[in-house]
Amino acid sequence: MEHLHLLLLSLSLLITSTTTTSSSSTDFASCLKSNNINNFTLSSDTTTTSSFNHFLNYSIQNLRFNPDSSPLKPVALVLPDTLRRLRATVLCSRRASLTIRLRSGGHSYEGLSYVSSGPDPFVVVDMMNLNRVRVSPETRTAWVEAGATLGETYFAIHDSAGRDSVTGFVINRAGSTRLVTQLVHKWQRVAHRLPDEFYLSAFVGAGLPEYRGEPPGLSVTFKGFYQGGIREAVEVLAGRFPS
Ligand SMILES: Cc1cc2nc3c(=O)[nH]c(=O)nc-3n(C[C@H](O)[C@H](O)[C@H](O)COP(=O)(O)OP(=O)(O)OC[C@H]3O[C@@H](n4cnc5c(N)ncnc54)[C@H](O)[C@@H]3O)c2cc1C
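- By the naming in an unreviewed UniProt entry, the protein is Reticuline oxidase, taken from Acorus calamus.
- The Cofactor (unreviewed entry) field of the UniProt record for the protein holds the comment "FAD".

Okay, structure coming up:
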């Protein structure tokens, strides 16, 4: 008998929470529409399931948190494209008692931009359409909206600087611990002294695909970006960091 009571109580709690979620998602949708925001999908709307899943999964970088394998899916996904619509989305979420997960690039290691930490209904507000980049060469300042990718940012800077070309490269060096240590040591002394137009990062890993030997060993990956042509980029590197 006690078990039956517990089961009935759990069922009634489940029904109450499902009803609350469905009414908050309806309120939320009406509020968005009344603010002229149409770029959103609801998880409860079965006619838009494929686009809901497409945009939700679009920038999930940690597949452990793929909501397909999680019971806690967002109630809605909104992609505001102006600051006014972003502000209205936040107000509508509050009014419908929905927690907000704000997503820019989706790279959070813990999936914080698209999963919930508890049972409360939540909405994912994705910034991908807020991707404008304004560059002021006079003040050497760039205003970058949160949804802009690094590529879009570089492109805008390149446009405003009026340069003909930019150069990007990735170089892997795999080998003994001694070799990798020597390369990183040298990089530490060189990278910050390169011309301002030069960016050079180093990433050390074990068992990366770049190292094909057995057992898996160390490798260092240099990622570079230069605001100028390939010939100048090679000249700078050959002079400062030939190894
Ligand atoms: C494969 C991989 C490689 C990485 N490599 C590097 C690296 O080389 N160097 C490095 O420094 N880091 C690296 N990181 C870590 C990464 O920089 C951080 O996880 C960073 O937070 C990602 O930003 P995002 O916009 O993609 O995050 P998101 O997942 O979009 O958001 C992260 C957190 O910030 C909140 N948030 C997002 N946008 C906003 C906003 N506009 N305003 C307020 N809050 C916001 C989110 O709600 C969430 O809590 C890497 C991560 C991954 C997965």
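The structure having been displayed, the exposition proceeds.
**Thoughts on the pairing of strand S6 (residues 141-144)**
- With four bridges connecting them, strand S5 (residues 133-136) and S6 associate as antiparallel partners. Residue pairing for S6: arginine 134 is matched across the bridge by tryptophan 143.
- Between the antiparallel neighbours S5 and S6 lie four residues, among them arginine 140 with a positive phi of about 55°.

**Quick look at the sheet that holds strand S2 (residues 76-78)**
- The mixed open sheet is built from four strands, whose spatial order is S1-S2-S4-S3. On the outer flanks of this sheet lie strand S1 (40-42) and strand S3 (99-103), each paired with one strand and no other. Taking the axes of each pair of neighbouring strands and ignoring which way they run, one obtains an average angle of 15° across the sheet.
- Relative to strand S4 (residues 122-126), S2 is paired through three bridges, and the arrangement is parallel. Bridge pairing links valine 78 to valine 125 in S4.

Rules and cut-offs
- Residues numbered from 1 in each chain as written.
- Predicted model: local features only at pLDDT ≥ 70, side-chain atom pairs only at ≥ 80, totals over all residues.
- UniProt positions renumbered as here; feature names shortened; annotations may be inferred.
- Pairing = 2+ DSSP bridges.
- Helix = DSSP H or I, 4+ residues; strand = E, 2+ residues; numbered from the N terminus.
- Axes fitted to C-alpha atoms, helices over the stretch in contact; angles between N-to-C directions.

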